[in-house]
Structure formats: C-alpha cells, structure tokens
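# An overview of the molecular structure
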Amino acid sequence: LLLGLSFGLTLTAALTACHKNKAEETDSSIITLAPLKATSDELSKSAQKWHVTNQRIIVFLGYGFNDAAIKENILDGLSERYGLDADGGLIYPIVYPDDFKHGSKNFFFFFYSKLQLEGKDCAGIIMLGAPENTHYALARNQDTWNQEVPYPVIALFSQDDVLGLESTCDIVIDKGHIATLAGEIENEDTEVQLVEEAPEVLNETINYVSALNYSLPKNSTIQAHVLKMLEGRSIHHYTDPETGLQSINHFVLN
C-alpha cells in the first residue's frame, strides 16, 4: 500500500511538472523514473572497470614481489583494474616459483613455454623482479619470432643479468642506484621502497603497453616512450659501471 501511494505521488508530481513546463515553456528537463532497487548483477556490472578481451598482457612476478602478501596485493589491484585471464580480463599473471612445477630447475624453459599464449593475442610482457636466467627464455622467444617480437617486453626492477635483459627487452627500468651487473638490491630500505612504488609503476606501464598494439623501436627514440610511459617521473640512462657506456634502452628512476 505504501509503495503504491509513493508511486502515485511521484507520478502525480511528474505529470504536474510536465503540464507546467508546457504552459510556461521555460523548462526542457526530462524526469526519469529509476527502478526502486537495482539487482546485484546490475550493481556488479556498473562497478566493473574492465571489459572481457582476447588480448593478454603477461605480468610476471619474481623476486621481491612473490611474497604471499605482496603478491596478493598486486594481483587484487590488477584484477580490479584490468581483469585477470581466468575471468576473461587483460592480465595473464605468472608467479615465480609458484607457477612452475619444478621451481627454479630449468625455469627458463618452462617460462618460455608459458609465454606462448595459444588462442590468445599477447599484447606485451611486463616483468617485476625477474630472477636469474629470465633472459634465456626471452631470447628463445625472440628466436620464435625471428628476432621481430610483435609486442613490447619490459623488465621492471629486475635481478637478472643486466646485459642479458638489455638484449632481450625493449625497456629495462631500475630504481635509484641499485642497478648492478648482478642485479642486486643494496639494502632493505631500498627493497621496501621498491615494493611500495612498484604497483603504480606497473599500472603506468600496463596502461602504456595496452595502448600501443605494436613493438617498441630498438633505437635512441625509446627514451621518448619511457618518458611518456612514466610521465612526470624523473629518469636517466643506466651507465655500465665497468665500461662507463650508457645503455640505450636501460633507465633508472631517480
């Protein structure tokens, strides 16, 4: 009864406003009667920020980012923002060593196998804390594509061999002055800072890669892409400590 009365009053108000508008011809607003209650499915769809897609960006979580709590925090954020592969979303997550049956044994062989997304369109590979020998898997992937990988490959805060990554990735990003030939993290404070900053840097990288739909140039123009990808952040070229030479595609966040 109360619902009927409420609806009657609302309808009467709407009709009265309509007649008044016609008479005065001063108000062209339209009154829309919204449903009394949205269903749970409607609320879920309206809250979802991503769309089902056949494209996939591989996000690999390695050293420093595979701890249970850190991993869960990163994956929850990716799931909410982009959707995960299991739900038809953009992100195909791979966690080291959890997603490898034999742990670190022959890791690079199994990682290469996981890079071959059958039935899906790979739009990029982004790695956080890549462990040693990651570049071997990337080199084999390059061979598969005859050295013309059609999507960007980016390493963030890696712990793999620097020269190996520079030759197999389009972009290598490190933090501060921690980049060494062994890819070692200097101290615990730096590691904590990396973990805190990584999710936002990862999101910025995913956004840029998803908008590209093509591989990145392997020349000096790569810096322009990095500046656009990490817009507003201060970066400089990585300098090899042994040769004093600057890398074309390796950068350090200040």
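Here, every reference points to the structure presented above.
Description of the structure in this document. (Residues numbered from 1 in each chain as written. Predicted model: local features only at pLDDT ≥ 70, side-chain atom pairs only at ≥ 80, totals over all residues. Heavy atoms only, no water.)

## Some points on helix α5 (residues 134–144)
Put simply, the rule is: Only protein chains enter the accessibility calculation, which uses a 1.4 Å probe. A residue is then buried if its area is under 20% of the maximum for its type, exposed if over 50%, and partly exposed in between. Helix and strand assignments follow DSSP, with helices taken as H or I runs no shorter than four residues and strands as E runs no shorter than two, numbered in order from the N terminus. Directions drawn from the helix axis to the C-beta atoms are what define this arc.
Taken together, the buried positions of α5 are Thr134, His135, Ala137, Leu138, Asn141 and Gln142. Burial along α5 is one-sided: seen end-on, the buried residues are contained in an arc of 155 degrees. Positive phi shows up at Asn146, right after α5, with a value of about 55 degrees.

## Some details on the packing of aromatic side chains
Note the threshold: Put simply, two rings from Phe, Tyr or Trp (the six-membered ring, in Trp's case) pair if the centres are within 6.5 Å, and we call them stacked under 30 degrees between planes, edge-to-face over 60, tilted for the rest. Charge over a ring is defined by NZ of Lys or CZ of Arg lying within 6 Å of the ring centre and within 35 degrees of the ring normal.
A full pass over the atoms with the stated rule returns 14 aromatic pairs. Between the aromatic rings of Tyr63 and Tyr96, the centroid separation amounts to 5.7 Å while the plane-to-plane angle is 85 degrees, which identifies the pairing as edge-to-face. Of the two residues, Tyr63 is situated in the loop between β1 (55–61) and α3 (68–81) and Tyr96 in the loop between β2 (91–95) and α4 (107–115); the sequence distance between them amounts to 33 residues. Tyr63 sits in the partly exposed class, given a relative accessible area of 26%. Since its relative accessible area comes to 5%, Tyr96 is described here as buried. Taken together, a centroid distance of 5.5 Å and an interplanar angle of 10 degrees make the contact between Phe107 and Phe111 stacked. Highlighted residues: Phe107 and Phe111, both in helix α4, separated by four residues, approximately one helical turn. Owing to a relative accessible area of 3%, Phe107 belongs among the buried residues under this scheme. One aromatic cluster is present, formed by Phe60, Tyr63, Tyr96, Phe100, Phe107 and Phe111 through successive ring pairs. Its end group placed over the ring of Phe100, Lys114 keeps NZ or CZ at 5.6 Å from the ring centre.

## Focus on empty space enclosed by the protein
Stated precisely, the cut-off is as follows: Here a cavity is any set of points on a 1 Å grid over the protein atoms alone where a 1.4 Å probe fits but cannot get out, and a pocket is any open set with protein on both sides within 12 Å along at least 5 of 7 lines; a residue lines the site when it has an atom within 4 Å of a point. Grid points are joined across faces, edges and corners, and a volume is the space filled by probe spheres set on the points. Amino acid classes used here: Ala, Val, Leu, Ile, Met, Phe, Trp, Tyr, Cys and Pro are nonpolar; Asp, Glu, Lys and Arg are charged; the rest, including Gly, are polar.
Under the criterion given, the structure shown has four cavities of 30 Å³ or more. Space inside the largest cavity adds up to approximately 80 Å³. As for the largest cavity, its lining consists of Leu138, Asn141, Gln142, Gln147, Val149, Tyr151, Val153, Thr168, Cys169, Asp170 and Lys218. Considering every element that reaches the lining of the largest cavity, the biggest residue donor is α5, with three residues. Here the residues of the lining of the largest cavity sort into five nonpolar, four polar and two charged.

Treat this as a map of the structure, not an account of what it does.
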